[in-house]
Amino acid sequence: MSEGSGPRWYKSLYWRIALGLFAFLALMLAAQGALFLWMTDRVAGSMPARDPRRLAFLVASDVGTALTADPDLDLAEYIRDQYGNVFQTFVVIMHDGRIASNDQDMPDDLLKAMVAEASRRDFPLRGRRPGGAGPAVAAPRGARRAAEFAPVVVDGALAGRVAVVPGGPPFSRVVRELGPTMGVVGGGVLVVGMGLIAFVIFGPVRKRLKQVQDAAERLGSGDLGARALADGGDEVAAVARSFNRMAEELAARATALEASDKARRQLLADVSHELMTPLTAMRGYVETLSMPELQIDSDTGRRYLGIVTEETHRLEKIIGDLLDLARLEGGGGTLRRDSVDVQSLFDRVAERHEREMRERGVTLIRNVSSGASHVTGDADRLEQALQNLAANALRHSDKGGTISLEAAPVERGIRLRVRDAGAGIAPEHLPLIFDRFYKVDAARKASGGSGLGLSIVKTIVERHGGTITAYNQNGAVFDIVLPA
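All residue numbers refer to positions counted from 1 along the written sequence of the respective chain. Reporting of local features is limited, given that this is a predicted model, to residues whose pLDDT is at least 70; pairs of side-chain atoms are given and counted only at 80 or more, and all residues count toward the totals for whole chains, interfaces and linings. Side-chain measures were taken over the full set of non-hydrogen atoms in the model, leaving aside hydrogen atoms and water.

(A) View of the overall build of the chain. On a plain count of helices and strands, the chain comes out with twelve helices and eleven strands. Between two residues, a contact is recorded if the distance between any of their heavy atoms is within 4.5 Å. Taking the contacts inside the chain whose residues are at least 6 apart along the sequence as the reference set, 67% of them involve residues at least 24 apart. Throughout, the Shrake-Rupley method with a 1.4 Å probe supplies accessible areas, and for residues the shown protein chains are the sole cover considered. Accessible surface for the chain amounts to roughly 27,100 Å². Of this, 56% is attributable to carbon and sulfur atoms. Runs of H or I in DSSP of at least four residues are treated as helices and runs of E of at least two as strands, each being numbered from the N terminus.

Written out as structure tokens, the structure is:
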């Protein structure tokens, strides 16, 4: 997976959270199911008989046997001890007025209904509340049958009845008996599930986000080498990779700014040096000419003034080149996009240097191949670039040498070539010749070159979308390739 693409679905943090919650819900459902089965078994297992009528006869038989064995038996305590864990509510109503139930919180209206029903089953009641306390209660008028009844027989005689409330155990009692257990189990499952989610999902995510935060703080404090751990394929890893790319870009920009600042300082130093050279010469000759005590003949004075004039022109050229370079590199000045005749360019270059080449015996050869007769660009700027290259070639050509201007089609466009037959450029200088103020040898300094000509050529070519290269081949060769 490439860095730019999103995480695979199974590595996505959101999917991991969703799967974690799904697993948690599955765990909760499994725990609830197990708890439900346990509770059902507990409720069912606590009932000696699942049918209320059978339960009534079972309890009646047990109570009758217990009272036959011990007539003074504490009925309420016996029922509580023997049937306290039976969820199905029932009540034992004796002829002697004793009333006992396995549910001490049985509602009054339910008790009244059962007492009223028992009173209609052929025996009077001097009843009390379950446990033997309280007077007998009268049956409400219109009460309907509310329980299943079974007779309690003691020593062969009817001594009372057992009434079982139909419809299963009351919900309040189930909650009272099983609620604490269910709460503990449910709370335990919740704690365990949330702990697993925190440990498996949010714990590692928090740790990795903390690493990204630490890296961001280090980067903000100036540590350009700060990087976040980008392992994994989820969204946190994508954020870490994005942060690392940003940090790399910031580091590259900081390096570029540092290099730019260094270049600016060097440029200021170079400009100051280049400007000071003619200014120093001019000041020296002007001060010499202004000394009243110094007798200078007219020829010497004219020679001094000539040097001052030359240095003035040199200073003017340096300033003009600097302004020209600043405009070109700053994007100033709109370049025209016309069809330029290459042969005319070469002719104007020849006319510009005709006198100097004739004086030095240098021959200029012009050759325009088929398919390279026209280029697209600004005719004035292209001529400026070729004039600078031709002047540079002429400067390094011996007397009787040859300079050639060639144009030919190439795969990437049109190639314009300027070649001289001089000594060429030393290999160690080739990578630097397009830098501002760079001068290969002292001869160029002596000739008054500013060291800006090749920089201007390179900028003009690049503004046209082309490239320029320099190499040696029986002399120095400069190739300009412009888009067709």
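Text resumes after the structure shown.
(B) Examining the pairing of strand 9 (residues 413-420) more closely. Classification of residues uses two cut-offs on accessible area relative to the type maximum, computed with a 1.4 Å probe and protein chains only: under 20% is buried, over 50% is exposed, and between them is partly exposed. Most of strand 9 is tucked away, with seven of its eight residues classed as buried. Note on pairing: DSSP must find at least two bridges between two strands before they are called paired. Pairing analysis gives eight bridges linking strand 8 (residues 402-410) to strand 9, with the strands arranged antiparallel. Bridge pairing in strand 9 places alanine 407 opposite leucine 416. Connecting the antiparallel pair strand 8 and strand 9 is a turn made up of two residues. Both strand 9 and strand 11 (residues 476-482) contribute to a ladder of six bridges, which runs antiparallel. Directly across from arginine 415, in strand 11, lies its bridge partner valine 481.

(C) A look at the packing of helix 10 (residues 379-395) against helix 12 (residues 453-463). Inter-axis angles, ranging from 0 to 180 degrees, are taken between N-to-C directions of lines fitted to C-alpha atoms, where helices are fitted over the stretch in contact. Two numbers describe how helix 10 lies on helix 12: the axes approach to 9 Å, and their chain directions differ by 145 degrees. In this structure, helix 10 meets helix 12 at a crossing whose hand is left-handed. Every residue of helix 12 that contacts helix 10 at Arg381, Leu382, Gln384, Ala385, Asn388 and Leu389 is listed here: Gly453, Leu454, Ile456, Val457 and Ile460. All residues other than Ala, Val, Leu, Ile, Met, Phe, Trp, Tyr, Cys, Pro, Asp, Glu, Lys and Arg, Gly among them, are scored as polar; the first ten of these are nonpolar and the last four charged. Here the residues of the contact of helix 10 with helix 12 sort into seven nonpolar, three polar and one charged. Crossing handedness is defined as follows: a turn of the near helix away from the far one that is anticlockwise and smaller than a right angle gives a left-handed crossing, while the clockwise case is right-handed.

(D) Layout of unusual backbone geometry. You will see that aspartate 155, though not glycine, has its phi angle at about 55 degrees, which is positive. Tracing the chain through its elements places aspartate 155 in the loop between strand 3 (148-154) and strand 4 (157-164). The exposure class of aspartate 155 is exposed, given its relative accessible area of 63%. With phi around 55 degrees, asparagine 474 is a residue other than glycine that occupies positive phi space. You can see asparagine 474 is positioned in the loop between strand 10 (467-472) and strand 11.

(E) Here's a closer look at a nonpolar patch on the surface. For patch detection, residues must exceed 30% relative accessible area and be free of salt bridges, and they are connected within 9 Å for like charges or within 5 Å for nonpolar side chains (Val, Leu, Ile, Met, Phe, Trp, Tyr). Put simply, a salt bridge is a Lys or Arg side-chain nitrogen that is within 4 Å of an Asp or Glu carboxyl oxygen. The grouping of Leu27, Val192 and Leu196 at the surface amounts to a nonpolar patch, some 240 Å² of accessible area in total. Looking at the element boundaries, leucine 27 is found in helix 1 (residues 13-45).

(F) Quick look at the sheet that holds strand 8. The strand order 6-8-9-11-10 describes an open sheet built from five strands, whose pairing is mixed. Edge positions in the open sheet fall to strand 6 (363-368) and strand 10, since each of these has one partner strand only. Taking each pair of neighbouring strands and ignoring which way they run, the sheet shows an average axis angle of 15 degrees. Bridge analysis of strand 10 against strand 11 gives six bridges, and the strand direction is antiparallel. Residue alanine 470 lies in a different strand from strand 11, and its bridge partner there is phenylalanine 478. Lying over the sheet, helix 8 (residues 342-352) contacts strand 6, strand 8 and strand 9, oriented at roughly 175 degrees with respect to strand 6. Here helix 10 sits on the sheet and contacts strand 8, strand 9, strand 10 and strand 11; the angle it forms with strand 9, its principal contact strand, is near 25 degrees.

(G) The nonpolar core, seen in detail. With 39 residues, the main nonpolar core has Leu389, Leu416, Ile468 and Phe478 as its most contacted residues. No other element matches helix 10, which puts eight residues into this core. The contacts of phenylalanine 478, once residues within four sequence positions are left out, are Leu389, Asn392, Leu416, Arg417, Val418, Ile425, Ile433, Phe434, Leu454, Ile468, Thr469 and Ala470. In plain words, nonpolar cores are sets of buried Ala, Val, Leu, Ile, Met, Phe, Trp, Tyr and Cys residues tied together by side-chain atoms within 4.5 Å.

(H) Just the confidence of the model for the chain, in detail. Per-residue confidence from the predictor is reported as pLDDT, which spans 0 to 100. Of all residues in the chain, 74% attain a pLDDT of 70 or more, and the chain-wide mean is 77. Taken element by element, the chain is modelled with least confidence in helix 11 (residues 442-446), mean pLDDT 43, and with most confidence in strand 9, mean pLDDT 94. When the criterion is pLDDT under 50, residues 1-6 qualifies, and its contacts beyond four places in sequence or with other chains add up to seven contacts. In this model residues 123-145 is a low-confidence stretch, pLDDT under 50, and it forms 53 contacts with partners more than four residues away in sequence or in other chains.

(I) Representation of the pattern of salt bridges. As enumerated under the stated definition, the model contains 16 salt bridges in all. The shortest N-O distance in the salt bridge between arginine 419 and glutamate 406 comes to 3.9 Å. Note that arginine 419 is positioned in strand 9 and glutamate 406 in strand 8, a separation of 13 residues in sequence. The salt bridge partner of glutamate 462 is lysine 458, with a shortest N-O separation of 2.6 Å. Of this pair, glutamate 462 and lysine 458 are both found in helix 12, four residues apart, which corresponds to roughly one turn of the helix.

(J) Quick look at empty space enclosed by the protein. Cavities and pockets are found on a 1 Å grid laid over the protein atoms alone: a cavity is a set of points where a 1.4 Å probe fits but cannot escape, a pocket is an open set with protein on both sides within 12 Å along at least five of seven lines, and a lining residue has an atom within 4 Å of such a point. Grid points are joined across faces, edges and corners, and a volume is the space filled by probe spheres set on the points. All told, the structure shown has one cavity of 30 Å³ or more when counted by the stated rule. A volume near 40 Å³ is recorded for the largest cavity. What lines the largest cavity is Val349, His353, Met357, Leu364, Ala390, Leu394 and Ile403. Residues that form the lining of the largest cavity fall into these classes: six nonpolar, one polar and no charged.

(K) Examining the sheet that holds strand 3 more closely. Pairing is antiparallel across the open sheet formed by four strands, whose spatial order is 2-1-4-3. The sheet terminates laterally at strand 2 (99-101) and strand 3, the two strands that pair on one side only. Shown here is a sheet whose adjacent strand axes are inclined to one another by a mean of 20 degrees, direction ignored. Sheet strands in contact with helix 2 (residues 52-69) are strand 1 (90-94), strand 3 and strand 4, and its direction is about 20 degrees off that of strand 3. Taken strand by strand, helix 3 (residues 75-83) contacts strand 1 and strand 2, and its axis lies near 155 degrees from that of strand 1.

(L) Just the packing of aromatic side chains, in detail. Only centres within 6.5 Å qualify two rings of Phe, Tyr or Trp (six-membered ring in Trp) as a pair; their planes then separate them into stacked at under 30 degrees, edge-to-face at over 60, and tilted for everything else. Taken as a whole and assessed by the stated rule, the structure comprises three aromatic pairs. Centroid distance tyrosine 83 to phenylalanine 90: 5.4 Å. Interplanar angle 85 degrees. Geometry classified as edge-to-face. Side by side, tyrosine 83 and phenylalanine 90 carry an identical accessibility label, which is buried.

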